[in-house]
Amino acid sequence: MVTRIFLCNEQTEPEIRDFIREAIADISEGEQYIVTWNCGNIQTLKVGDRAYFKRIGSANQGYFASGTVVPADREYQLKLRSARYRELSEAYDIDSQANNFRVWVAWDACVSFDEPLRTDYLKQLPHFQGMPLEPQSDAGVFREEYVRMLDREWERQTQKAFRAGKGISLIDVYYRWGLEDIQQGFPQDALESFRQALKLNPNFIKAYLGLGDAHVSLREYAKAVGDYGKAISMRPDKARLAYYKRGEINFLLGQFQQAMADFQAAIAIDPNYADAHFSLGNTYFKLKSYEQAIAAYSKTLEISPERDLAVFRRGRSHYILKEFPESIRDFSHAIELQPSNVDAYYYRGLAYSQPDTADETLAGDDFRKAIVLYQTQGKPEKAKKAKELLETLAIDSLPKARPRSSYAISAAEPDTNAVVDTPPEIIAEVPLAMSTSTDSNDDHDEETSRLIMATEPISNEVAISNAETAISNLTEAIEKIVEVEKIVEKVVEVEKIVEVEKIVEVEKIVEVEKLVEVEKVVDRVVEKFVDRVVEKVVEKPIPFSIEDPSTAEKLAMISVMAQYMREGWMVRSVDKSQVGYDLECTKDDLCEAVVIKSFTSDRESFAISAIEIENARSNKDFVLWVVSGAAENPELRCLRGRELFEQFDLDPLAFAAKVRQATVQLEFTPVALEIPQFEQ
């Protein structure tokens, strides 16, 4: 097939502007626009010939439409009307006259008649030098060696006109439909749209890229590689995107050498192609060429300094090469660029744990932050790994808090010789045995298992004494936990009932009584609720003191719940959800994440977990209630956010022992606890 040029003079075709408006409307709907056009006395046109329409007769000479010669409807085909014209193609119309034939042409692109692809502009382009651009006759053949260059300039002109609202191209319509189908999750429909575009222009490179993207969505990776390869073969000097996309597929398939070659080819076309430099760095990383990976990531950051993943992966490479100060620098920078990059906290904690850069305090802070973020992001396995690493440090994950001044809460002076009775739930979270697990995934790979840190041994006598004290109280503690858990379960069951009772009572009394009377009613509701729970659950005397810490904690929770209820808050218990707080309280647009701690008469401190401390630092809704005298006349004090750090000292617990056997032996002989000696 050949490419022909049809001429248009507005003097002889006064309706041309109407034709263009109609064509833009039809093409926008994905339909070609059919016109009949004079071709003089030329009788050699074939169905499928490419056609350009050129404006002549004015200063704005140039190409304003393109299309393809198509068959006329059978009732209009000249060859079927007269044996004289049986040799003509199906494109010729019966409206033809001697020496003035007409053919059918389907337009697939057009621009404003006043803004064509101007001939005088083309003459200035180096690759059009010597090209015969002046019309010789209607439907004359355009020289084949110049067709591709004309197609390319015409594509640019139609895209420019489309952006200005002054033109349309059916190829671009199909291409945009294909992109939309991929984005909306219909890759099979996208394939059809891109193929329609290629029927109109087999040299349309972007359609091949679209085909590749659709095949990737369908996980037909071999076909995608072929599509990108076709685009590359058409314009190897301009195919940086095709090289890059093919490299990404090769990387995905584990063909790292081919991926490396593709990324290098893309960079050769465009040395400032940041995506290609970054992907090349990832490829070197997979090939364990860490020095080259560092160079590729550094080049990426020269071009795009804000790319946090390039900084993070460069830090990973430095870490593997045991260049720990450089890795810490990169991990810190990655966190500055993206504070939610939890892996950067994790690996910086690993780096701080190494002998050359050992800082257990900073390592512990990073691991605690990683635990919270992993849990928030729904990655429990990674949170578990970070917690295991934290337990290898001499810094415990569960510090205890005591007041700095009597302003916070007045309490008796501590007995420095007394053994702190650590609640059983805290003991369960501080295992004695400390180990580091390994992970084969990309985020936590083999270098994690090499982390072994040092701690100072404690004397056997102290360890034995602590163990004997803990075990002697274990049986009684277990009984207390069982009974308290029964009460807590009932509390959860009737919590909603209490809220409904409270709302009904408050709404009635607010209308006719003062606030003091409302408080009395709510207090009576809470008292009845507690009495009802105790009557239903406890069939015999509860075998523990009201001064027990865990019991006081539950009573403190009831006191705080009542405080919120009387002020019109909706209260929901979330203490079993492990989100770092006990209650979620809402009122209108307000929300508070409530943590409740209790003082009993025989102690002046309380246990607080690492995730609760992190919430105090970073959660704007964090509220801490400290309750003293929860069993009789509770005194409540509310602390918000960082007030915890202003009014309390946070002292880390050194170690806690937990019984390894499920059965507790009441009689036992002293044994020496084996504390692992860590390598230096």
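The structure displayed is predicted, hence computed values, not measured ones.

(A) Seen up close, the overall build of the protein. For the protein, the helix and strand inventory stands at 24 helices and 16 strands. The buried share of the protein, taken over its 680 residues, is 47%. By sequence separation, contacts in the protein at least 24 residues apart represent 64% of the contacts at least 6 residues apart. A total of about 35,500 Å² of accessible surface is found on the protein, and carbon and sulfur atoms cover 49% of it.

(B) Looking closely at the pattern of salt bridges. Under the criterion given, the structure shown has 25 salt bridges. Through salt bridges that share partners, Glu 10, Arg 17, Arg 55 and Asp 114 make up one connected network.

(C) Local environment of the environment of Met 557. Along the chain, Met 557 falls in helix 22 (residues 549-566). Remark: the alpha-carbon pair of Met 557 and Lys 597, spanning 40 residues in sequence, is separated by 8.3 Å. For Met 557, the contacting residues outside a window of four places in its chain are Asp 575, Asp 582, Leu 583 and Ile 596.

(D) How the structure looks around the packing of helix 15 (residues 342-352) against helix 17 (residues 380-391). Viewed as axis vectors pointing N to C, helix 15 and helix 17 meet at an angle of 25 degrees, and their least axial separation amounts to 11 Å. Classed by the angle they form, the pair helix 15 and helix 17 counts as roughly parallel. Of the two elements, helix 15 crosses helix 17, and the hand of that crossing is left-handed. Where helix 15 approaches helix 17, its residues Asp 343, Tyr 346 and Leu 350 are matched on the opposing element by Lys 382, Lys 385, Ala 386 and Leu 389. Residue composition of the contact of helix 15 with helix 17, grouped by class: four nonpolar, no polar and three charged.

(E) Highlighting a negative patch on the surface. Side chains of Glu 15, Glu 22, Asp 26, Glu 29 and Glu 31 sit close together on the surface and give a patch of like negative charge. Within the element layout of this structure, Glu 31 appears in the loop between helix 1 (16-28) and strand 2 (33-38).

(F) Broad picture of unusual backbone geometry. Non-glycine residue Arg 219 carries a positive phi angle of around 60 degrees. By the element assignment, Arg 219 lies in the loop between helix 7 (205-217) and helix 8 (221-234). Classification of Arg 219 by relative accessible area gives exposed; the value is 67%. Phi is positive for Lys 322, close to 60 degrees, though the residue is something other than glycine.

(G) Structural context of helix 6 (residues 187-200). The terminal C-alpha atoms of helix 6 lie 20 Å apart, and with 14 residues this matches the ideal 20 Å at 1.5 Å per residue to within 8%. Pro 187, Ala 190, Leu 191, Ser 193, Phe 194, Ala 197, Leu 198 and Leu 200 are the residues of helix 6 that are buried. Where helix 6 is buried, its residues touch strand 3 (50-56), strand 5 (102-111), helix 5 (170-183) and helix 7.

(H) Region of the structure containing the packing of aromatic side chains. Scanning the model with the defined rule gives 30 aromatic pairs in all. Measuring from centroid to centroid gives 5.9 Å for Tyr 76 and Trp 104, while their planes differ by 40 degrees, and the two rings are tilted. Pair noted here: Tyr 76 is in the loop between strand 4 (62-69) and helix 2 (78-81) and Trp 104 is in strand 5, with a separation of 28 residues, a long-range link. For Tyr 76, a relative accessible area of 34% translates into the label partly exposed. Classification of Trp 104 by relative accessible area gives buried; the value is 13%. Their ring planes at 50 degrees and their centres at 5.9 Å tell us that Tyr 244 and Phe 263 sit as a pair that is tilted. Taken together, the residues span a long stretch of sequence, with Tyr 244 in helix 9 (residues 240-252) and Phe 263 in helix 10 (residues 256-269) at a distance of 19 residues. Using a relative accessible area of 15% as the deciding quantity, one classes Tyr 244 as buried. Since its relative accessible area comes to 0%, Phe 263 is described here as buried.

(I) Representation of helix 4 (residues 147-163). Compared with an ideal rise of 1.5 Å per residue, which puts 17 residues at 24 Å, helix 4 spans 25 Å between its outermost C-alpha atoms and is within 8% of the ideal. Listing the buried residues of helix 4 in full gives Val 147, Met 149, Leu 150, Asp 151, Glu 153, Trp 154, Gln 157, Thr 158, Gln 159 and Ala 161. With its phi angle positive at about 75 degrees, Gly 165 sits one or two positions after the end of helix 4.

(J) Structural detail: the nonpolar core. Phe 6, Phe 53, Phe 64 and Trp 107 are the most contacted members of the largest nonpolar core, which has 122 residues in total. Top contributing element to this core by residue count: helix 15, with eight residues.

(K) Fine view of the packing of helix 9 against helix 10. Contact pair helix 9 / helix 10: the axes reach a minimum separation of 8 Å and the direction vectors enclose 160 degrees. One way to sum up the angle between helix 9 and helix 10 is to call them roughly antiparallel. Crossing angle aside, the handedness with which helix 9 passes helix 10 is left-handed. In contact with Arg 240, Tyr 243, Tyr 244, Arg 246, Gly 247, Glu 248, Asn 250 and Phe 251 of helix 9, helix 10 contributes Phe 256, Gln 258, Ala 259, Asp 262, Phe 263, Ala 265, Ala 266 and Ile 269. Class assignment for the residues of the contact of helix 9 with helix 10 results in nine nonpolar, three polar and four charged.

(L) Broad picture of the confidence of the model for the protein. Looking at the protein as a whole, the pLDDT averages 77, with 70% of positions reaching at least 70. Counting interchain partners and residues more than four positions distant, the pLDDT-below-50 stretch residues 445-459 has 41 contacts. Here residues 661-680 scores under 50 on pLDDT; set against residues more than four positions off or in separate chains, the count is 28 contacts.

(M) Spotlight on the pairing of strand 3. Within strand 3, seven of the seven residues are buried, which leaves it mostly tucked inside the rest of the structure. Direction of pairing for strand 1 (residues 3-9) relative to strand 3: parallel, over a ladder of seven bridges. Bridge pairing in strand 3 links Thr 3 to Arg 50. Note that strand 3 and strand 4 share six bridges and pair antiparallel. What sits directly across from Arg 55, in strand 4, is Gly 62. Linking strand 3 to strand 4, which pair antiparallel, is a turn of five residues; within it Gly 57 sits at a positive phi near 85 degrees.

(N) Local environment of the side chain of Asn 250. Relative to the assigned elements, Asn 250 resides in helix 9. When its relative accessible area of 6% is taken as the criterion, Asn 250 is described as buried. When sequence neighbours within four positions are dropped, the list of residues in contact with Asn 250 reads Val 225, Gln 255, Phe 256, Gln 258, Ala 259 and Asp 262.

Reading the values: the criteria
Residues numbered from 1 in each chain as written. Predicted model: local features only at pLDDT ≥ 70, side-chain atom pairs only at ≥ 80, totals over all residues. Heavy atoms only, no water. Helix = DSSP H or I, 4+ residues; strand = E, 2+ residues; numbered from the N terminus. Buried < 20%, exposed > 50% of the residue type's maximum accessible area, 1.4 Å probe, protein only. Contact = heavy atoms within 4.5 Å. Areas by Shrake-Rupley, 256 points an atom, 1.4 Å probe, with all protein chains shown as cover. Salt bridge = Lys/Arg side-chain N within 4 Å of Asp/Glu carboxyl O. Axes fitted to C-alpha atoms, helices over the stretch in contact; angles between N-to-C directions. Parallel < 35°, antiparallel > 145°, perpendicular 65-115°, else oblique. Left-handed = near helix turned anticlockwise from the far one by under 90°. Nonpolar A, V, L, I, M, F, W, Y, C, P; charged D, E, K, R; others polar. Patch = residues over 30% accessible without salt bridge, like charges linked within 9 Å, V, L, I, M, F, W, Y side chains within 5 Å. Lys, Arg positive; Asp, Glu negative; His and termini not counted. Charge placed at Lys NZ, Arg CZ, Asp CG, Glu CD. Expected span 1.5 Å × (residues − 1). Phe/Tyr/Trp six-rings, centres within 6.5 Å; stacked < 30°, edge-to-face > 60°. Core = buried A, V, L, I, M, F, W, Y, C linked by side-chain atoms within 4.5 Å. pLDDT = per-residue confidence, 0-100. Pairing = 2+ DSSP bridges.

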